[in-house]
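A closer look at the structure
One letter stands for each residue in the lines below.
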Amino acid sequence: MLIGALSKKIGVSVDTIRFYEKKGLIKYTTVTENNYRHYDESVAHKLTSILQAKALGFSLREIRELSDLTDNNYLSSSERNKILDDKIMDIDEKIHQLEEMKNRLLSKKEEVKKGKC
């Protein structure tokens with residue numbers, strides 16, 4: 001499929017697809033004589049996986065590393081689970097930090113309400 005069709009299928013812009021290509025996360029399958037890039041279903045699947053990983057909080061660097069390791073079958077399922085567990089711990093830490101920040105803001109709001117500021 002052409003980039004426009006891939007864009008519609010996945011629900012991302014053509015620019016997003018080109019960005020991921022430049023970052024080395026996806027590659028077109030073939031190029032025609034008139035320089036049109038064609039993408040097969042494996043690229044659509046990989047792009048969907050990238051978007052899911054981003055939604056789970058993985059950075060593009062982490063996604064690239066995981067993709068390289070997974071594509072080359074370097075990761076066992078237990079190693080993949082460890083990576084997911086580490087990301088869950090990162091998210092839990094961020095939640096903790098946000099809760100602390102929220103509590104400080106609520107305290108500040110109470111001070112303002114009582115005229116202490």
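For the structure itself, look to the data block above.
Description of the structure in this document. All chains use their own residue numbering, which begins from 1 and follows the written sequence. Only residues with pLDDT of at least 70 are given local features in this predicted model, and only at 80 or more are side-chain atom pairs given and counted; all residues enter the totals for whole chains, interfaces and linings. Just so you know, side-chain values use all the structure's heavy atoms and leave hydrogens and water out.

Our focus in this paragraph is a positive patch on the surface. Taken together, the side chains of Lys 109, Lys 113, Lys 114 and Lys 116 define a basic patch exposed on the protein surface. Looking at the secondary structure, you find Lys 116 in the segment after helix H5 (77–113). Only protein chains enter the calculation, and the probe is 1.4 Å; a residue is then buried if its accessible area is under 20% of its type maximum, exposed if over 50%, and partly exposed in between. Its relative accessible area of 62% is what places Lys 116 among the exposed residues. Here the term patch refers to residues with relative accessible area over 30% and no salt bridge, with like charges joined within 9 Å and nonpolar side chains (Val, Leu, Ile, Met, Phe, Trp, Tyr) within 5 Å. Each accessible area is a Shrake-Rupley result for a 1.4 Å probe, and residues are judged covered by the shown protein chains and nothing else. Any carboxyl oxygen of Asp or Glu that lies within 4 Å of a side-chain nitrogen of Lys or Arg is treated as forming a salt bridge with it. Counting rule applied: Lys, Arg positive; Asp, Glu negative; His and chain ends not counted. To locate a charge, take NZ of a lysine, CZ of an arginine, CG of an aspartate or CD of a glutamate. Secondary structure elements are defined from DSSP: runs of H or I of at least 4 residues count as helices, runs of E of at least 2 residues count as strands, and each element is numbered from the N terminus.

Inspection of the secondary structure puts Lys 87 in helix H5. Every residue pair with non-hydrogen atoms within 4.5 Å of one another is taken to be in contact. Filtering out sequence-adjacent residues up to four positions away, Lys 87 remains in contact with Leu 56, Gly 57, Phe 58 and Glu 62.

Attention now moves to the pattern of salt bridges. The full count for this structure, using the stated rule, is 5 salt bridges. Of the charged contacts in the structure, one is a salt bridge between Glu 62 and Lys 87, with a shortest N-O distance of 3.1 Å. Of this pair, Glu 62 sits in helix H4 (residues 60–71) while Lys 87 sits in helix H5, and the two are 25 residues apart along the sequence. Residue classification places Lys 87 among the buried positions, given a relative accessible area of 9%.

Another aspect to go through is helix H1 (residues 3–10). Looking at H1, one finds that the buried residues are Ile 3, Leu 6, Ser 7 and Ile 10. Along H1, the residues classed as buried sweep out an arc of 100° about the axis, all on the same side. For H1, the elements touching its buried residues are helix H2 (14–22), strand S2 (37–38) and helix H3 (41–55). Gly 11 sits one or two residues past H1 and shows a positive phi near 90°. Here, the arc refers to the directions that run from the helix axis to the C-beta atoms.

Moving on, we get to the nonpolar core. Side chains of a nonpolar character, in soluble globular proteins, are inclined to be buried together. Definition used in this section: a nonpolar core is a set of buried Ala, Val, Leu, Ile, Met, Phe, Trp, Tyr and Cys residues joined via side-chain atoms within 4.5 Å. Formed by 18 residues in total, the largest nonpolar core has its most connected members in Leu 6, Ile 17, Ile 26 and Leu 47. Breaking this core down by element, the ones donating at least two residues are H1, H2, H3 and H4. For Leu 47, the contacting residues outside a window of four places in its chain are Leu 6, Ile 10, Val 12, Ile 17, Tyr 20 and Ile 26.

With that settled, consider the packing of aromatic side chains. For this analysis, a ring pair means two rings from Phe, Tyr or Trp (six-membered ring only for Trp) whose centres lie within 6.5 Å, classed as stacked if their planes differ by under 30 degrees, edge-to-face if by over 60, and tilted for the remaining angles. Enumeration over the complete set of coordinates arrives at 1 aromatic pair. Judged by centre distance (5.8 Å) and plane angle (55°), the rings of Phe 19 and Tyr 20 are tilted. With relative accessibility at 37%, the residue Phe 19 sits in the partly exposed group. Lysine and arginine charges are scored as sitting over a ring when NZ or CZ, respectively, is within 6 Å of the ring centre and within 35 degrees of the ring normal. Across the ring face of Phe 58, the terminal group of Lys 87 is positioned such that the distance to the ring centre comes to 5.1 Å.

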